[in-house]
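# A closer look at the structure
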Amino acid sequence: MEKPSNLLLKVSRRLFTNPDEQASFTDALMNPQPFSPCILWCQEKPEVSPFTVEIPTTWQPEFVDRLYLGEKPGQHPLHQQGYFYCLDFSSVFAAGILLTIPQPVSLVFDMCAAPGGKSVFAWKALKPDLLISNEVIGKRLGMLISNLKRCQIKPSGVVNRDSSIFAEMFPASSNLVIVDAPCTGQSLLAKGEKAPGCFHHTAINKSANRQKRIIANSAQIVAPQGYLAYMTCTYSPEENEQVCEWFLERFPQFEPVEVSHLSKYQSHLTTMPCYRIFPQDRLGAGAFTALFKNTTELEEVKVNLDTLFSMCKYSTLSQ
């Protein structure tokens, strides 16, 4: 049997002090097992599900179902009709911090949105007056627009700009900014996919620097008393806890929010409220998530919707 690389072993020792936990973690990546498929109901959930459904976790929202292994929801006619969105259960865990945010919410801005799972979750959970989904990588725009159209997510708009543009043009305007940050993608290994070089310190540091830049720009868009949600699908502390600690030093007006329904998953690598699941938990490939509140008391700045929609590659404003 293939042995874990030294780089993987190094990360496992940083994440866990217990040798058994280290072994469980590395085994989950070296010998990936299938995870239960998961769906988010965009339209009204039917009284009788067309799928065999697992018993829900305590933190799982009612509009999400985790299905038995072997179910293939993506092939069901209801999928093409936009009744539900298929996603990894780890994404449900990460986005679960949004359930803490009080309604009403007027503007949600998803900064790194493709393929659209966090945008769909925020739209379903918070019912915002407007959802803006940004994707800076042009070739990923198609799948984002396709998913939002299929699932009838409106009112919504899709934009394709660097985070610095929005920080400059729309400061202090969004009640919630989601940063599902681009990362080394180490959890891809738990799904049996490839992520070359994902444990190399050069890749990790490059990723962490990009994450800091995006979260710093995103913070400037958050309205007073608004929220910033930070999440990744990777394991390295440099891309997770350390980014959050850097962020709080740089932006002291933000404070971390305790998410009581995820307290069982509090990261043991910091005392700051932030939450993790790992692939050996068997709920999904793994995720990190944290929620911050802008404690500033000033009034929020209203977005110029004409300017915003003039930037959109797709919008439902005229639909």
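Residues numbered from 1 in each chain as written. Predicted model: local features only at pLDDT ≥ 70, side-chain atom pairs only at ≥ 80, totals over all residues. Heavy atoms only, no water.

### A look at the overall build of the protein
Across its full length, the protein holds 10 helices and 12 strands. With the C-alpha coordinates aligned to their principal axes, the bounding extent of the protein is approximately 60 × 50 × 35 Å. Split into buried and exposed, the 319 residues of the protein put 55% on the buried side. In the protein, once contacts between residues fewer than 6 apart in sequence are set aside, the share between residues at least 24 apart is 74%. For the protein, the accessible surface area stands at approximately 14600 Å², while carbon and sulfur atoms represent 51% of it. (Helix = DSSP H or I, 4+ residues; strand = E, 2+ residues; numbered from the N terminus. Buried < 20%, exposed > 50% of the residue type's maximum accessible area, 1.4 Å probe, protein only. Contact = heavy atoms within 4.5 Å. Areas by Shrake-Rupley, 256 points an atom, 1.4 Å probe, with all protein chains shown as cover.)

### Remarks on the pairing of strand β4 (residues 107-110)
Because side chains alternate across β4, one face comprises the buried residues Leu107 and Phe109, and the other comprises Val108 and Asp110, equally buried. The pairing of β4 with strand β5 (residues 130-134) spans four bridges and is parallel. Note that in β5 the partner of Val108 across the bridge is Leu131. Crossover connection from β4 via helix α5 (residues 117-126) to parallel β5: handedness right-handed. Note that β4 and strand β7 (residues 174-180) share three bridges and pair parallel. Bridging across to β7, Asp110 finds its partner in Ile178. (Pairing = 2+ DSSP bridges. Right-handed = clockwise from strand over helix to strand, strands pointing away.)

### Section: the packing of aromatic side chains
Scanning all chains against the criterion turns up 18 aromatic pairs. An angle of 75 degrees between the planes, with centres 5.4 Å apart, marks the rings of Trp41 and Phe84 as edge-to-face. With Trp41 in strand β1 (residues 38-41) and Phe84 in strand β3 (residues 84-86), this residue pair connects regions lying 43 residues apart in the sequence. Phe84 shares its class with Trp41; the two are buried. Each member of the aromatic cluster is reached from another via a ring pair, and the members are Phe16, Phe25, Tyr235 and Phe278. (Phe/Tyr/Trp six-rings, centres within 6.5 Å; stacked < 30°, edge-to-face > 60°.)

### Digging into unusual backbone geometry
A cis amide bond links Gln103 with the next residue in sequence, Pro104, at an omega value of 0 degrees. For Pro104, the position within the fold is in the loop between α4 (89-95) and β4. Omega for the bond connecting Ala114 with Pro115 falls within 30 degrees of zero, at 5 degrees, which places this linkage in the cis form. With a phi angle near 50 degrees, Lys127 is a residue other than glycine that sits in the positive phi range. In this fold, Lys127 is placed in the loop between α5 and β5. A relative accessible area of 57% places Lys127 in the exposed class. We note that Ala172 has phi near 50 degrees; this positive angle belongs to a residue other than glycine. Mapped onto the elements, Ala172 comes out in the loop between α7 (163-169) and β7.

### A look at the layout of surface pockets
In this model, the largest pocket occupies a volume close to 990 Å³. If you go around the largest pocket, you meet 43 residues; those closest to its centre are Ala114, Arg140, Asp180, Ala181 and Cys233. Broken down by secondary-structure element, the contributors of at least two residues to the lining of the largest pocket are β3, α4, α5, α8 (201-219), β8 (222-232) and β11 (287-294). (1 Å grid on protein atoms, 1.4 Å probe; cavity = no way out; pocket = protein on both sides within 12 Å on 5 of 7 lines; lining within 4 Å. Points joined across faces, edges and corners; volume = space filled by probe spheres on them.)

### Some details on the UniProt feature "active site" (unreviewed entry) in the protein
The positions that UniProt labels "active site" (unreviewed entry) are, in the present scheme, Cys233. One can find Cys233 in the loop between β8 and α9 (241-250). Not counting chain neighbours up to four residues away, the residues in contact with Cys233 comprise Cys183, Gly185, Gln186, Ser187 and Gly286. (UniProt positions renumbered as here; feature names shortened; annotations may be inferred.)

### Some points on the sheet that holds β3
In spatial order, the strands read β2-β1-β3; together these three strands make up an open sheet with antiparallel pairing. Only two strands of the sheet have a single partner each, and these edge strands are β2 (64-66) and β3. Each neighbouring strand pair of the sheet contributes to a mean axis angle of 25 degrees, computed without reference to strand direction. The pairing of β1 with β3 spans three bridges and is classified as antiparallel. Pairing of Leu40 across the sheet is with Tyr85, part of β3. Sheet strands in contact with α5 are β1, β2 and β3, and its direction is about 45 degrees off that of β1. (Axes fitted to C-alpha atoms, helices over the stretch in contact; angles between N-to-C directions.)

### What to know about the UniProt feature "binding site: S-adenosyl-L-methionine" (unreviewed entry) in the protein
Here the UniProt-annotated "binding site: S-adenosyl-L-methionine" (unreviewed entry) positions come out as Cys112, Ala113, Ala114, Pro115, Gly116, Gly117, Lys118, Glu135, Asp162 and Asp180. In the annotated group above, the largest pocket draws its lining from Cys112, Ala113, Ala114, Pro115, Gly116, Gly117, Lys118, Glu135, Asp162 and Asp180. Position of Ala113 relative to the elements: it lies in the loop between β4 and α5. Not counting the four nearest positions on each side in its chain, Ala113 is found in contact with Ser119, Ser133, Asn134, Glu135 and Leu144. Relative to the assigned elements, Asp162 resides in the loop between β6 (156-159) and α7.

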